[in-house]
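Tertiary structure, described
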Amino acid sequence: MMMNNARTLFGRLLAITVLLSVGTMFLSGCNIGTPLMWFFQGPEQREPEYVLPEESTAVVFLDDRGSVIPRARLRSMVSMSATNTLLTQKGLVAKIVTPEAATRVASQEEYGNLIPVDEVGRRVGADVIIYATVQRWDLVDDGYPRPLCVMRVQVVDAVNGTVMWPEAGGPFVMTAQMGTKTSTRYDTASAVAQLEDTLANYAGLRLAQLFFKHEVNPLDAEINY
């Protein structure tokens, strides 16, 4: 009996504490909507920007002819990160072709005679191309390590050469912005290389997440898409 009374008293005290805390937040003018929603419903969910055709064979084609990303290894990491993330989503598409196949086809281009995006897709056996062109790749902003990658993204139909998404207004601008890092941690070549790898994997993740529902990580920097 004493144990049950103690539990009841503890429950009442906990409820009162929660109510007082919430009341204090309201009185102080704090915005408690987001924390309370996260507590009761879990992390915020972001809807996909575009749903890929389920029966399609897709390929990620990262186009960085201007070498905005400084090394081929990093470009490969971005496209592989996106591909591997898409592969974790069951039923998203019927099949995903390795992005290295698209890269090999594009490498056969002659100067001034570029292979069309839809042709790249057909040559690797894909009927849908996730086509991303790199616009920015920065590790430092205002003297602080603040990794950023910006890509313009389209989904192209390889069968007839049309743009499936976005339907109008040009490519979708995707920004992958990581949180600011402590500058003193990245004052060696090996640390900078590790940060580049992290950004490459992160950018690929964000590229893939355009196409399926996913959790928003509250520790990330603001994602502008």
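Reading guide: rules and limits
- Residues numbered from 1 in each chain as written.
- Predicted model: local features only at pLDDT ≥ 70, side-chain atom pairs only at ≥ 80, totals over all residues.
- Heavy atoms only, no water.
- Helix = DSSP H or I, 4+ residues; strand = E, 2+ residues; numbered from the N terminus.
- Contact = heavy atoms within 4.5 Å.
- Areas by Shrake-Rupley, 256 points an atom, 1.4 Å probe, with all protein chains shown as cover.
- Phe/Tyr/Trp six-rings, centres within 6.5 Å; stacked < 30°, edge-to-face > 60°.
- Buried < 20%, exposed > 50% of the residue type's maximum accessible area, 1.4 Å probe, protein only.
- Core = buried A, V, L, I, M, F, W, Y, C linked by side-chain atoms within 4.5 Å.
- Pairing = 2+ DSSP bridges.
- pLDDT = per-residue confidence, 0-100.
- Axes fitted to C-alpha atoms, helices over the stretch in contact; angles between N-to-C directions.
- Parallel < 35°, antiparallel > 145°, perpendicular 65-115°, else oblique.
- Left-handed = near helix turned anticlockwise from the far one by under 90°.
- Nonpolar A, V, L, I, M, F, W, Y, C, P; charged D, E, K, R; others polar.
- Expected span 1.5 Å × (residues − 1).

So, about the overall build of the protein chain. Along its length, the protein chain carries six helices and eight strands. Going from the N terminus to the C terminus, the protein chain shows its helices and strands as α-α-β-β-α-β-α-α-β-β-β-β-α-β. Contacts in the protein chain between residues at least 24 apart in sequence constitute 68% of all its contacts with a sequence separation of at least 6. For the protein chain, the computed accessible surface area is about 13,300 Å², with 56% contributed by carbon and sulfur atoms.

This next bit is on the packing of aromatic side chains. Throughout the structure, instances matching the rule amount to four aromatic pairs. A centroid spacing of 5.7 Å and a plane angle of 20 degrees characterise the contact between Tyr50 and Trp165, whose relative ring orientation is stacked. Of this pair, Tyr50 sits in the loop between β1 (45–46) and β2 (57–63) while Trp165 sits in strand β6 (residues 163–165); the two residues are 115 residues apart in sequence, bridging distant segments of the chain. Classification of Tyr50 by relative accessible area gives buried; the value is 17%. Centroid distance Trp165 to Phe172: 5.2 Å. Interplanar angle 35 degrees. Geometry classified as tilted. A single burial state applies to Trp165 and to Phe172, both of which are buried. Taken together, the ring pairs connect Tyr50, Trp165, Phe172 and Phe211 into an aromatic cluster.

Ranked by size, the top nonpolar core spans 40 residues in total, and within it Leu52, Leu86, Met151, Val153, Leu207 and Phe211 carry the most contacts. Secondary structure elements with two or more residues in this core: β2, α3 (72–87), β4 (128–141), β5 (144–157), β6, β7 (172–177) and α6 (189–209). A total of seven residues in this core trace back to one element, the largest contributor, which is α6. Not counting chain neighbours up to four residues away, the residues in contact with Leu207 comprise Val60, Ala82, Ile130, Ala132, Met151, Val153 and Met174. Residues Val120, Ile129, Val156 and Ala158 belong to the second largest nonpolar core, which totals 16 residues.

Another aspect to go through is the pairing of β4. Taken together, the six bridges between β2 and β4 define a ladder with parallel strand orientation. Counterpart to Asp63 in the pairing with β4 is Thr133. In this structure, β4 lies alongside β5, joined through twelve bridges in antiparallel fashion. Bridge pairing links Ile130 to Val155 in β5.

Overall, the predicted model of the protein chain reaches an average pLDDT of 82, with 75% of residues at or above 70. In this model residues 2–11 is a low-confidence stretch, pLDDT under 50, and it forms zero contacts with partners more than four residues away in sequence or in other chains. Contacts from residues 13–29, a stretch scored under 50 in pLDDT, to residues over four places away or in other chains number four contacts.

Here we come to the packing of α3 against α6. As a packed pair, α3 and α6 sit with axes 7 Å apart at the nearest point and diverge in direction by 40 degrees. Judged by the angle between their axes, α3 and α6 are oblique. Between α3 and α6 the crossing geometry is right-handed. Two secondary-structure elements touch here, α3 through Arg73, Leu74, Met77, Val78, Ser81, Ala82, Thr85 and Leu86 and α6 through Glu196, Asp197, Ala200, Asn201, Ala203, Gly204, Leu205, Leu207 and Ala208. Its residues assigned to classes, the contact of α3 with α6 shows ten nonpolar, four polar and three charged.

With that settled, the discussion passes to α3. When the terminal C-alpha atoms of α3 are compared, their 22 Å separation across 16 residues agrees well with the 22 Å that a helix rising 1.5 Å per residue should span. Among the residues making up α3, those that are buried are Leu74, Met77, Val78, Ser79, Ser81, Ala82, Thr83, Thr85 and Leu86. Structurally, α3 contributes buried residues whose contacts are with β2, β3 (95–97), α4 (99–106), β4, β5 and α6.

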